[in-house]
Amino acid sequence: LEQIKLISSRLTARSPAVYETIFAFLCSYEAHTKARRSTSFIFTTNARRGAQQKDDLGAVDAISVDLLVAWRALASAASDEAVAQVAASVKALVERYAAKVFPDPGPGHKGPRPSITEKRIRAAVAFLDAASDRWRTFLTATRWDLEQEDSVALLQKLGARLASDVRCKDLPAHLLAPRLL
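For the structure given in this document, a descriptive report is provided here. For clarity, every value in this text was computed on a predicted model and none was experimentally measured.

**Details of the layout of surface pockets**
The calculated volume of the largest pocket comes to roughly 470 Å³. Along the wall of the largest pocket there are 14 residues; nearest its centre are Leu1, Glu2, Leu158, Leu162 and Arg167. For the lining of the largest pocket, the secondary-structure elements that each account for two or more residues are strand 1 (2–5) and helix 6 (151–164). Class assignment of the residues belonging to the lining of the largest pocket gives a composition of seven nonpolar, three polar and four charged.

If you want it as structure tokens, here you go:
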């Protein structure tokens, strides 16, 4: 699964585009794993990484590492300590933002149910916590591709991926790609 974002500002873990994508990836990972499907996640953007402010340890929503730097480093060296630090920072993002961004609809909610809610995000975190290898598998299956091509190149890349994906063979890639960006 891939998220492609055209963003003019610098990104950190505290950027909505990043933490919202993390929450979507968490929920998708849980669903795919329960269905016995392996999957990978890619976040592609033209944006540059910003300098992330780190928190002092102690608070439940403390982010003590530069999350994007630490997460990207797992691709080459996923030590137990590094995985634990990144997982703790992801959990801190959930504590800080999940309820604000994805509140659970109340009992009187009209219309379609949202696919991502705070409850679902917390269930995905609990799912990862339930087995010792799940955090490592999730974190190393996620790739952060920052500072990629401009919008025209990204559009062409996305169109080519859609055209070559057998699941999308009946869809007009040249019409769908711009909508997904």
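**Some details on the pattern of salt bridges**
For the structure shown, the criterion picks out eight salt bridges. Where Asp80 meets Arg136, a salt bridge forms, and the shortest distance between an N and an O atom there is 2.3 Å. Taken as a pair, Asp80 in helix 3 (residues 80–101) and Arg136 in helix 5 (residues 134–140) lie far apart in primary sequence, 56 residues in all. What makes Arg136 partly exposed here is its relative accessible area of 27%. Among the salt bridges present, the one from Glu95 reaches Arg122, with a minimum N-O distance of 2.8 Å. Taken together, the residues Glu95 in helix 3 and Arg122 in helix 4 (residues 118–129) connect sequence positions 27 residues apart.

**Focus: the nonpolar core**
In summary, soluble globular proteins display a tendency toward joint burial of nonpolar side chains. Core analysis: the largest hydrophobic core is formed by 45 residues, its most contacted members being Ile22, Phe23, Leu26, Trp71, Trp135, Phe138 and Leu139. For this core, the secondary structure elements donating two or more residues are helix 1 (16–34), strand 2 (41–45), helix 2 (67–73), helix 3, helix 4 and helix 5. Aside from chain neighbours lying at most four places away, what touches Leu139 is Trp71, Leu74, Val83, Val86, Ala87 and Val90. Grouped together as the second largest cluster of nonpolar side chains are seven residues, Ile4, Leu154, Cys168 and Ala173 included.

**Topic: helix 3**
Within an α-helix, residues lying three or four positions from one another point in the same direction, as the helix has 3.6 residues per turn. Along its 22 residues, helix 3 runs 30 Å from first to last C-alpha, staying within 8% of the 32 Å computed at 1.5 Å per residue. Within helix 3, the axis deviates most sharply at Glu95, by approximately 35°. Considered for burial, the residues of helix 3 that qualify are Ala82, Val83, Val86, Ala87, Ser89, Val90, Ala92, Leu93, Val94, Arg96, Tyr97 and Ala98. Looking at the buried side of helix 3, the elements it contacts are helix 1, helix 2, helix 4 and helix 5.

**Observations concerning the packing of helix 1 against helix 3**
Look at helix 1 against helix 3: their axes get within 10 Å of each other, and the N-to-C directions meet at 100°. For the element pair helix 1 / helix 3, the angle class is roughly perpendicular. Counting all contacts with helix 1, which are made through Tyr19, Glu20, Ile22, Phe23 and Leu26, the residues of helix 3 involved are Val90, Leu93, Val94, Tyr97, Ala98 and Val101.

**Brief notes about the environment of Asn46**
Examined against the element boundaries, Asn46 turns out to sit in the loop between strand 2 and helix 2. For Asn46, a relative accessible area of 28% corresponds to the partly exposed category. Not counting chain neighbours up to four residues away, the residues in contact with Asn46 comprise Lys5, Leu6, Ile7, Glu147, Gln148, Glu149 and Leu154. Engagement of the side chain of Asn46 in a polar contact is seen with the backbone nitrogen of Ile7, the distance being 2.8 Å.

**Considerations on the packing of aromatic side chains**
What the rule picks out here adds up to ten aromatic pairs. For the ring pair Tyr19 and Phe23, a centre distance of 5.9 Å and an interplane angle of 45° mean the geometry is tilted. Here Tyr19 and its partner Phe23 are both found in helix 1, four residues apart, which amounts to about one turn of the helix. In this structure, Tyr19 and Phe23 share a single accessibility class: buried. Plain terms: the ring middles of Tyr19 and Tyr97 are 3.9 Å apart, the flat faces sit at 5° to each other, and that makes the pair stacked. You can see Tyr19 sitting in helix 1 and its partner Tyr97 sitting in helix 3, a full 78 residues away along the chain. Each member of the pair, Tyr19 together with Tyr97, is buried.

Conventions and cut-offs
Residues numbered from 1 in each chain as written. Predicted model: local features only at pLDDT ≥ 70, side-chain atom pairs only at ≥ 80, totals over all residues. Heavy atoms only, no water. 1 Å grid on protein atoms, 1.4 Å probe; cavity = no way out; pocket = protein on both sides within 12 Å on 5 of 7 lines; lining within 4 Å. Points joined across faces, edges and corners; volume = space filled by probe spheres on them. Helix = DSSP H or I, 4+ residues; strand = E, 2+ residues; numbered from the N terminus. Nonpolar A, V, L, I, M, F, W, Y, C, P; charged D, E, K, R; others polar. Salt bridge = Lys/Arg side-chain N within 4 Å of Asp/Glu carboxyl O. Buried < 20%, exposed > 50% of the residue type's maximum accessible area, 1.4 Å probe, protein only. Core = buried A, V, L, I, M, F, W, Y, C linked by side-chain atoms within 4.5 Å. Contact = heavy atoms within 4.5 Å. Expected span 1.5 Å × (residues − 1). Bend = angle between axes of the 7 residues up to and from the residue. Axes fitted to C-alpha atoms, helices over the stretch in contact; angles between N-to-C directions. Parallel < 35°, antiparallel > 145°, perpendicular 65-115°, else oblique. Polar contact = N/O pair within 3.5 Å; in protein donor to acceptor, adjacent residues only side chain to side chain. Phe/Tyr/Trp six-rings, centres within 6.5 Å; stacked < 30°, edge-to-face > 60°.

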